[in-house]
Amino acid sequence: MADEASDPTRVPGAPHPRETAELVGQDAPQAAILDAFNAGRLHHAWLITGPRGVGKATLAWRIARFLLATPDPDPDDMFGAPTPTSLAVSPEHPVARRIEAGSEPGLKSVHRSENEKTKRLRDQIVVDDIRALASFFQLSAADGGRRVVIIDASDDMNVNAANALLKMLEEPPARTTLLLICHQPSRLLPTIRSRCRTLRLGPLDGDQMAQAMAQAGVDPGADGEALAELSAGSVGEALRLALLDGLKLYADLINLMNTMPNLDRARALALADTAGARGSEAKLDLLYTLIDIALSRLARTGAGHAPLTQAAPNEAETFARLCAHPGQARAWADTAQTALARARHGRAVNLDPGALVLDTLFKLSNTAAPR
């Protein structure tokens with residue numbers, strides 16, 4: 001089993017999707033799988049799409065447990081097992097136990113792997129990760145059982161990996177189901193999308209968010225409304241915010257923006273030091289996510305669509321001052337695109353994280369200056 005540091009498919013500090021007992025708020029895609037299974041028309045490949053953090057990986061692992069633990073329906077057996085009405089599998093079932101232990105021979109999970117030379121996670125799923133499935137199919141075919149592959153996330157594949165997967169989809173191995181988790185379907189080859197059935201998951205409402213967070217062992221308490229507002233119905237994002245003290249980070253960002261265009265350099269340096277410290281990659285990722293969210297909310301304010309719920313003290317007043325009309329909204333939208341693209345490039349070439357944060361903040365401050 002991969003630990004948190006080497007597994008990009010989990011939120012640090014939160015349960016892995018394979019350990020999540022229930023899937024909250026996604027009844028329609030679960031019903032689609034059940035209907036196909038019970039009718040004996042289970043497709044060989046499913047594209048599981050939707051916003052990040054709404055349960056796509058949890059659904060994939062839930063489907064995998066169900067398919068590996070449930071006998072195929074036999075339409076000629078009048079006295080056989082009852083038709084399944086849920087994807088739930090008892091945690092005491094041998095398949096469930098093996099999956100949780102990472103020892104189920106009929107299941108293969110593919111995600112971004114570690115570069116053996118640098119000992120760091122790759123930015124993409126590479127062709128060798130996909131080609132390794134061939135040996136999995138050969139070894140697991142001996143017992144004649146069903147096999148399941150989870151690719152998380154399929155839009156992380158580079159071109160060569162995508163082409164290798166396409167060949168498998170064109171000639172799928174017998175009794176094999178491929179589950180492709182996908183955050184941005186437009187990044188996949190059209191030929192891959194056309195060979196999959198799509199399961200679309202939507203954002204969670206407030207009650208569902210609270211239920212999902214409680215299942216993950218996190219009590220949002222009085223912060224629940226702000227977490228729901230910033231996460232936009234994504235329980236994965238809400239957990240990341242809660243576990244990485246994201247609401248405080250967002251409040252610090254809004255307080256700093258409130259000093260613009262006369263940027264408080266001491267606060268800017270403190271924020272850059274916090275997010276750019278060695279070993280703070282997750283905090284840096286979160287800060288740039290929050291900057292993106294803040295700029296989007298800021299631009300909507302100038303366009304006349306101010307957020308109804310404040311996610312930080314003085315947020316509404318700060319946004320109203322910085323973005324009072326549609327012209328300013330366009331300027332902030334342009335800044336969001338250019339500044340964040342510049343930051344992504346800087347991170348890709350390993351520029352100093354603290355310097356990148358300061359560069360981004362200075363560009364925001366320039367946009368706030370009167371024109």
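Residues numbered from 1 in each chain as written. Predicted model: local features only at pLDDT ≥ 70, side-chain atom pairs only at ≥ 80, totals over all residues. Heavy atoms only, no water.

Trainee: Help me understand the packing of helix 11 (residues 265-276) against helix 12 (residues 281-302) in this model?
Mentor: When two helices pack together, their arrangement is given by the angle between their axes and by how far apart the axes lie. Running from N to C, helix 11 and helix 12 point in directions that differ by 130°, and their axes come no closer than 7 Å. Relative to helix 12, the element helix 11 is oriented oblique. Residues L271, T274 and A275 of helix 11 form the contact with helix 12, whose own contacting residues are K283, L284 and L287. For the contact of helix 11 with helix 12, the per-class residue count stands at 4 nonpolar, 1 polar and 1 charged. (Axes fitted to C-alpha atoms, helices over the stretch in contact; angles between N-to-C directions. Helix = DSSP H or I, 4+ residues; strand = E, 2+ residues; numbered from the N terminus. Parallel < 35°, antiparallel > 145°, perpendicular 65-115°, else oblique. Contact = heavy atoms within 4.5 Å. Nonpolar A, V, L, I, M, F, W, Y, C, P; charged D, E, K, R; others polar.)

Trainee: For this particular structure, what's the right way to read the packing of aromatic side chains?
Mentor: Two descriptors summarise a pair of aromatic rings, namely the distance from one centre to the other and the angle between the planes of the rings. Enumeration according to the criterion identifies 2 aromatic pairs in this entry. Taking the centre distance of 4.9 Å and the plane angle of 70° together, the rings of F37 and F66 count as edge-to-face. With F37 in helix 1 (residues 27-38) and F66 in helix 2 (residues 56-69), this pair connects stretches of sequence that are 29 residues apart. A single burial state applies to F37 and to F66, both of which are buried. Relative to F137, the ring of F136 has its centre 5.6 Å away and its plane inclined at 50°; by these criteria the two rings are tilted. Assigned by exposure class, F136 and F137 land together as buried. R18 extends its terminal NZ or CZ atom over the ring of W61, reaching a point 5.8 Å from the ring centre. (Phe/Tyr/Trp six-rings, centres within 6.5 Å; stacked < 30°, edge-to-face > 60°. Buried < 20%, exposed > 50% of the residue type's maximum accessible area, 1.4 Å probe, protein only. Lys NZ or Arg CZ within 6 Å of the ring centre and 35° of its normal.)

Trainee: Even after reading the chapter, I still don't get the side chain of R297, so can you show me in this structure?
Mentor: Structurally, R297 is set in helix 12. Residue class for R297 comes out buried when judged on its relative accessible area of 3%. A distance of 2.9 Å separates a polar atom in the side chain of R297 from a polar atom in the side chain of E229. The residues contacting R297, other than those within four sequence positions of it, are E229, L230, Y250, P307, T309, Q310, A311, E315 and F319. (Polar contact = N/O pair within 3.5 Å; in protein donor to acceptor, adjacent residues only side chain to side chain.)

Trainee: Before we go on, may I ask you to explain the packing of helix 12 against helix 14 (residues 326-348) in this structure?
Mentor: Remark: helix 12 packs on helix 14, axes separated minimally by 7 Å, with the N-to-C direction vectors making an angle of 165°. Between helix 12 and helix 14, the interaxial angle falls into the category roughly antiparallel. Judged by the sense of rotation from one axis to the other, the crossing of helix 12 with helix 14 is left-handed. Seen from helix 12, the contacting residues are E281, L284, D285, Y288, I291, D292, L295, L298, A299 and G302; seen from helix 14, they are P326, A329, W332, A336, L340, A343 and R347. (Left-handed = near helix turned anticlockwise from the far one by under 90°.)

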